[in-house]
Amino acid sequence: MAVAAPRCTLHSAAVEPFLALCRAAGHAGFDLQVVSSFRDFAQQCRIWNAKYRGERPVLDRRGRPLDVATLAPRRRVETLLCWSALPGASRHHWGTDVDVVDGRVLASGYSPRLEPAEYRRGGPFAALSDWLGRHLHRYGFYRPYPRSGTGVGAEPWHLSYAPIARGALEGMTLELLAAVIRGAGIEGEAEILARLPTIRRRYVLAVASPPRMRSRWARIQPGAGTAGGADHSSRR
Ligand SMILES: [Zn+2]
């Protein structure tokens, strides 16, 4: 469902916990703004295909610009997967995940690039990142990409509402992913399907697990998650 402030689209069960997190961030002096929230398959497919064709900038694993046109299909798919989710397998499809920045920094004219350095000490979003690290879990959220491993790179800006995301991840079976990808117009389809078990293991399942959370926001709210989310219609 659509949320007006901060502007985003979320699973209805994640709305109240997220707004509570935003209020707490506000009390701490931050202005939590959402750069990206729910994204459907078609949007993710457009992003993927534009990167695959070299129409959108692509970075290598160390964050340096890369000309993907020089890469063989297999390497191209691998490179894209470091920074972009496979269409159909993006956590942004679930409505549980958001990419956040501090609006105070944007107000000073800064354009976020969503790079780890911006969230580290000395970066424009370091203070927010630090605060999130200490308070996120009280609202049922956590960071699925806290550091770079073998698959997806570190995404300190990416927050996930654990009570719903946990089940969504369990639903990402090989059969489901293959059915979604086959014939959907994704660049590199043959390469992706040939290596799907590995891709799923390294880039979909290899995320941090949510920590134990005891707060009331970490339980699915009664009435939330039903079609329409009528309780929140005033916020549309
Ligand atoms: Zn994200």
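The structure this text deals with has already been given above.
**Q** Please clarify how the sheet that holds strand E6 (residues 97-102) should be interpreted in this entry.
**A** Adjacent strands of a sheet pair through backbone hydrogen bonds, lying either parallel or antiparallel. With antiparallel pairing, four strands are arranged side by side in an open sheet as E3-E6-E8-E7. What marks the edges here is a single partner per strand, and that holds for strand E3 (32-36) and strand E7 (141-142). When E6 meets strand E8 (residues 158-161), the two strands line up antiparallel, connected through three bridges. What sits directly across from Asp97, in E8, is Ser160. Packing against the sheet, helix H7 (residues 162-170) makes contact with E6, E7 and E8, and its axis sits at approximately 90° to E8.

**Q** So what exactly am I meant to see when it comes to the pairing of E6 here?
**A** In terms of residue burial, E6 counts as a mostly covered element, since five of its six residues are buried. When E3 meets E6, the two strands line up antiparallel, connected through four bridges. Counted as the bridge partner of Val34 is Val100 from E6.

**Q** Any chance you could explain the nonpolar core here in plain terms?
**A** Generally speaking, a soluble globular protein has its nonpolar side chains buried in company with each other. Among the nonpolar cores identified, the biggest contains 36 residues, and Leu10, Ala14, Phe18, Leu21, Val100, Phe141 and Tyr161 are the most heavily contacted of them. Counting residues per element, the ones that place at least two in this core are helix H1 (12-27), E3, E6, helix H6 (126-135), E7, E8 and H7. If one sorts the elements of this core by residue count, H1 sits on top with seven residues. Leave out the neighbours within four places in its chain, and Ala14 touches Gly95, Thr96, Tyr161 and Ile164. Core analysis: the second largest hydrophobic core is formed by 19 residues, Trp48, Tyr52, Leu86 and Ala89 among them.

What counts as what
Residues numbered from 1 in each chain as written. Predicted model: local features only at pLDDT ≥ 70, side-chain atom pairs only at ≥ 80, totals over all residues. Pairing = 2+ DSSP bridges. Helix = DSSP H or I, 4+ residues; strand = E, 2+ residues; numbered from the N terminus. Contact = placed C-beta atoms within 7 Å. Axes fitted to C-alpha atoms, helices over the stretch in contact; angles between N-to-C directions. Buried ≥ 20, exposed ≤ 12 C-beta atoms within 10 Å, placed from the backbone. Core = buried A, V, L, I, M, F, W, Y, C linked by C-beta atoms within 7 Å.

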